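Residue-level listing of the chains:
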Amino acid sequence: MKKSLLISAFVLLMTCQAESQSRFIRNVANDVKNELLGSSSGSSKQSTQPEPSCACSDAQQVLGMSENKLMYTEIDIEMMEDGSFLIQDRMSQNYYIIKDGVKKGPYASDDARVTAYTNSFDTEQDMILARYGQYISKSGDKYNIKFNGKTYGPYARIDNFTVTKSGDKFAALAIENIVTTESDGEKMEAAMKNAKSDQERMELAMQFSQQMTSRMMAGGGPESMLTKLVTNIDGATFNPMMGGILKGNIKFDDIVYLNRTDVVDLKDKKLISINPEHAGLEKIYVNSSNSVYAAYQSGTLYMSNGKTLSDLFNPYLVKTDGKVSLAYMYYSPKKDAIMQCKIPF
């Protein structure tokens, strides 16, 4: 194993592992299209097919297929950070953004509004900068967070960043100081390779060790190398070293985390427990009174009160006229459109 990787591993052992968020989420079309359509052809005969079981009488149309010259079986949909939807037409390779019922585009695959969600980033920091550039900036090797006029930082690394839907609260997991970078490791590796004797290699190793120690002390000591919570939420006591990833989409307008079987807020108050059969599912949502949760996996929504809804995708929390709802989408063969239903939540 390369020494640069060994050094990185040494540092990572003292930090909290972050959940990678850099994958492009496909909708459930490919999972349910045969059941709904009876084929993958996307022909005009779709209108004769029955509506899915999750359909509701007051559904709102999100996107019509025919008028936009799209085929349901040839698109991908992903929800973006601001609540809008990114749609890819795999046939034309064009992208569209739908916000508040208005479709904009087409956008090319290299458009910054698109690449923030479709690119595979080398590091978590690259992804965070692409998606949260309005809050996070980089200066040299350090990152700063600017939120509601206040600056937090600088930090050597930000591994987890989330903002509430209303935009008034944020939380991040950050590290103030890293004693060695990938570049440092590469330089050390090259120097060791060019060393002419074991004695010279030993001297280089000692030199590098002293350099790491000096940086550690100059940067605030060993504690500055540990992951810490950065937030504007008063009274937050969440300890990153105990594990957990910050989530801003589990409970509307709040930031919480999952600790195996419980949903907990940043003040360490348990909001609700998750049944064992739902633990680890793709997405979890908690209602306003903390009395019911919904768990989503592969087109099915499982409610803690025993109800189940199938043949849907992209569930998310939304607030309309002061009331929070759990919204979800489904494909309507009758209308040849993507529809949206809302459950009071």
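For clarity, every value in this text was computed on a predicted model and none was experimentally measured.

A.B. asks: Help me understand the overall build of the chain, please; the structure alone is not making it clear to me.
C.D. replies: The helix and strand tally for the chain stands at six helices and 22 strands. The buried share of the chain, taken over its 345 residues, is 44%. Restricting to contacts in the chain with at least 6 residues of sequence separation, those with at least 24 account for 48%. With the model as given, the accessible surface of the chain reaches about 17,900 Å², and the carbon-plus-sulfur share is 48%.

A.B. asks: What should I look at first to understand the nonpolar core in this one?
C.D. replies: Counting residues in hydrophobic clusters, the biggest one holds 36 residues, and the most contacted among them are Met-65, Ile-75, Ile-338 and Phe-345. Counting residues per element, this core draws most heavily on strand 21 (residues 323–332), at seven residues. Setting aside chain neighbours within four positions, we find Phe-345 in contact with Tyr-285, Val-286, Asn-287, Ser-288, Val-292, Tyr-293, Ala-294, Met-303, Leu-317, Val-324, Ser-325 and Leu-326. Ile-128, Tyr-152, Ala-174 and Val-230 belong to the second-largest nonpolar core, a separate cluster that totals 17 residues.

A.B. asks: Sorry, what's going on with the pattern of salt bridges here?
C.D. replies: Oppositely charged side chains are able to pair whenever their charged atoms sit close together. Per the counting criterion, the structure on display carries six salt bridges. For Asp-76, the salt bridge is made with Arg-90, and the minimal N-O distance between the two is 2.8 Å. Here Arg-90 lies in the loop between strand 3 (85–89) and strand 4 (94–99) and Asp-76 lies in strand 2 (residues 75–79), a separation of 14 residues in the sequence. Here Asp-159 makes a salt bridge to Arg-157, at a shortest N to O gap of 3.1 Å. What makes Asp-159 buried here is its relative accessible area of 7%. Overall, Arg-157 belongs to the buried group, its relative accessible area being 15%. Three or more residues joined by partner-sharing salt bridges are found here, namely Glu-74, Asp-76 and Arg-90.

A.B. asks: Hey, could you run me through the state of the cysteines in this one?
C.D. replies: Each disulfide consists of one covalent bond between the sulfur atoms belonging to two cysteines. Applying the stated criterion across every chain, the model contains one disulfide. Note that Cys-56 is cross-linked by a disulfide to Cys-341, the S-S spacing being 2.0 Å. What sets the handedness of the Cys-56 and Cys-341 disulfide is the S-S torsion sign, and at about -105° it is left-handed. One end of the pair, Cys-56, is in the loop between helix 2 (29–37) and strand 1 (60–64); the other, Cys-341, is in strand 22 (residues 337–344), and 285 residues separate them in sequence. We classify Cys-341 as buried; its relative accessible area is 2%. Sulfur of Cys-54: no disulfide; nearest cysteine sulfur belongs to Cys-341 and is 6.4 Å away.

A.B. asks: What is the right way to read the sheet that holds strand 9 (residues 157–163) from this model?
C.D. replies: The strands making up a sheet are joined through hydrogen bonds of the backbone, oriented either antiparallel or parallel. One open sheet holds the three strands; their spatial order is 9-10-11, and the pairing between them is antiparallel. Whereas interior strands pair on both sides, the edge strands pair on one side only; in this sheet they are strand 9 and strand 11 (228–231). Going from strand to strand, the sheet's axes swing by 20° on average, the running direction of each strand aside. Note: strand 9 against strand 10 (residues 170–175), six bridges, orientation antiparallel. In the strand pairing of strand 10, Val-163 is matched with Phe-170.

A.B. asks: Explain the pairing of strand 18 (residues 300–303) here, please?
C.D. replies: Here is the key point about a regular strand: its side chains alternate between the two faces of the sheet. Sheet topology places strand 17 (residues 293–297) next to strand 18; four bridges connect them, and they run antiparallel. Bridge pairing in strand 18 links Tyr-296 to Leu-301. Where strand 17 folds back onto strand 18 in an antiparallel hairpin, the turn is made up of two residues, including Ser-298, whose phi is positive at roughly 50°. With two bridges connecting them, strand 18 and strand 19 (residues 308–309) associate as antiparallel partners. Considered in strand 19, the bridge of Tyr-302 is made with Thr-308. In this structure, the hairpin formed by strand 18 and strand 19 is closed by a connection of four residues, where Gly-306 is found at a positive phi of approximately 100°.

A.B. asks: Looking at this model, I keep getting lost on the confidence of the model for the chain. Mind explaining?
C.D. replies: Predicted coordinates in regions of low pLDDT should not be interpreted in detail. Considering every residue of the chain, the mean pLDDT works out to 82; 82% of them sit at 70 or more. Residue range residues 1–46 is modelled with pLDDT below 50. Its contacts to residues more than four positions away, or to other chains, number 94 contacts.

A.B. asks: Where do I start with the pairing of strand 20 (residues 313–320) in this structure?
C.D. replies: A large share of strand 20 lies buried, amounting to six of its eight residues. Pairing of strand 20 with strand 21, which is carried by six bridges, proceeds in the antiparallel orientation. By the bridge assignment, Thr-320 is partnered in strand 21 with Lys-323. In textbook terms, the turn of a hairpin is the stretch between consecutive antiparallel strands, and for strand 20 and strand 21 this stretch comprises two residues, one of which, Asp-321, has a positive phi near 55°.

A.B. asks: How do you make sense of the environment of Asp-268 when you look at a structure like this?
C.D. replies: Its location among the elements puts Asp-268 in the loop between strand 14 (262–265) and strand 15 (270–273). Discounting chain neighbours no more than four positions away, the residues touching Asp-268 are Thr-237, Phe-238 and Tyr-257. Polar contacts involving the side chain of Asp-268 include one to the side chain of Thr-237, which spans 3.0 Å. A distance of 3.1 Å separates polar atoms of two side chains, one belonging to Asp-268 and the other to Tyr-257.

About the criteria used
- Residues numbered from 1 in each chain as written.
- Predicted model: local features only at pLDDT ≥ 70, side-chain atom pairs only at ≥ 80, totals over all residues.
- Heavy atoms only, no water.
- Helix = DSSP H or I, 4+ residues; strand = E, 2+ residues; numbered from the N terminus.
- Buried < 20%, exposed > 50% of the residue type's maximum accessible area, 1.4 Å probe, protein only.
- Contact = heavy atoms within 4.5 Å.
- Areas by Shrake-Rupley, 256 points an atom, 1.4 Å probe, with all protein chains shown as cover.
- Core = buried A, V, L, I, M, F, W, Y, C linked by side-chain atoms within 4.5 Å.
- Salt bridge = Lys/Arg side-chain N within 4 Å of Asp/Glu carboxyl O.
- Disulfide = S-S within 2.5 Å.
- Pairing = 2+ DSSP bridges.
- Axes fitted to C-alpha atoms, helices over the stretch in contact; angles between N-to-C directions.
- pLDDT = per-residue confidence, 0-100.
- Polar contact = N/O pair within 3.5 Å; in protein donor to acceptor, adjacent residues only side chain to side chain.

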